[in-house]
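Chains, contacts and geometry: an overview
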Amino acid sequence: GIIMAAKNGNIWIGSVTGEFLDKYDGKSISRYTIREGLPHHVIQNIIEDRDGNMWFGTKGGVTKYDGRYFTNYSKKNGLIDDNVLYQVEDTKGNLWFGTLSGLSKFDGKVFTNYEIESDENVPVFSLLEDHQGTIWIGTFTMGVYSFDGITFTHYDPTHSVSHKMISGIVQD
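Okay, so let's go over this structure. (Residues numbered from 1 in each chain as written. Predicted model: local features only at pLDDT ≥ 70, side-chain atom pairs only at ≥ 80, totals over all residues. Heavy atoms only, no water.)

A separate point is the sheet that holds strand β2 (residues 11-14). Spatially, β1-β2-β3-β4 is the arrangement adopted by the four strands of the open sheet, whose pairing is antiparallel. Each having just a single partner strand, β1 (2-5) and β4 (29-32) make up the two edges of the open sheet. Each neighbouring strand pair of the sheet contributes to a mean axis angle of 20 degrees, computed without reference to strand direction. For β2 and strand β3 (residues 21-24), the ladder comprises four bridges, and the chain directions are antiparallel. (Pairing = 2+ DSSP bridges. Helix = DSSP H or I, 4+ residues; strand = E, 2+ residues; numbered from the N terminus. Axes fitted to C-alpha atoms, helices over the stretch in contact; angles between N-to-C directions.)

Shown next as structure tokens:
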């Protein structure tokens, strides 16, 4: 499962087995399901943006929760793929979504999609914006890429990274 502490003190708990999305406010637990507005019952990741909105990556797209309402985004809205595996907010306030089919950037209005050049689909498992503003991309089958806003650079797993499946990236 996924556990995330929001700035306001709420604890969000999501289940990758598709059982629940819970919010603990310090006193009680509220449960959210498709009935309350989630696009899918499997929660794969949770982040909070700079405005305090919660974002939930699901197998049915991504959902923004403003504290009252869910707003769902999917391929119909321009997302590259509905299966959102990872997400990060950059220093400019853009949201980046790693999916089974590649990468989407959302500026709050429009999605810009990026397919990583490859002979096969490149699922994006992890994302990081470094101190210089470069987006680092960990993939399921192709190791690590960096993206400077124009060009993708591949760090071949046979030469620089010990494994092709990258599930997390951090900068110290």
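Moving on from the coordinates now.
Here the structure, examined in full by the defined rule, presents 20 aromatic pairs. Ring geometry for Y32 against Y65: centres 5.5 Å apart, planes inclined by 55 degrees, an arrangement best described as tilted. One end of the pair, Y32, is in strand β4; the other, Y65, is in strand β7 (residues 61-65), with 33 residues separating them in the sequence. According to the relative accessible area criterion, Y65 is buried, its value standing at 6%. Three or more aromatic residues link up through ring pairs in this structure, and these residues are W12, Y32, F56, Y65 and F70. (Phe/Tyr/Trp six-rings, centres within 6.5 Å; stacked < 30°, edge-to-face > 60°. Buried < 20%, exposed > 50% of the residue type's maximum accessible area, 1.4 Å probe, protein only.)

With that out of the way, let us pick up the pattern of salt bridges. The final tally for this structure, using the stated rule, is two salt bridges. Of the charged contacts, one joins D22 and R31 as a salt bridge, the two residues approaching to 2.8 Å between their closest N and O atoms. The class for D22 is buried, based on a relative accessible area of 6%. Between E89 and R50 there is a salt bridge, with the nearest N and O atoms lying 3.4 Å from each other. Remark: R50 occurs in the loop between β5 (43-48) and β6 (54-58) and E89 occurs in strand β9 (residues 84-89); sequence separation between them is 39 residues. Given a relative accessible area of 45%, R50 falls into the partly exposed group. (Salt bridge = Lys/Arg side-chain N within 4 Å of Asp/Glu carboxyl O.)

Now for the environment of L103. For L103, the location among the structural elements is in strand β11 (residues 102-106). With 24 residues separating them in the primary sequence, L103 and L127 have C-alpha atoms 9.6 Å apart. Beyond its immediate sequence surroundings of up to four residues, L103 is in contact with I80, W96, F97, G98, T112, N113, Y114, V124, L127, I137 and F152. (Contact = heavy atoms within 4.5 Å.)

One key point about sheets: their strands pair by backbone hydrogen bonds, in either a parallel or an antiparallel sense. Spatially, four strands are ordered β5-β6-β7-β8 in an open sheet, and the strand pairing comes out antiparallel. In this open sheet, the two strands that pair with only one neighbour each are β5 and β8 (70-73). Averaged over all neighbouring strand pairs, the angle between strand axes comes to 20 degrees, with direction disregarded. Across five bridges, the pairing between β6 and β7 is antiparallel. When the sheet's bridge partners are listed, M54 is paired in β7 with Y65.

Shape is all these values report; function is a separate question.
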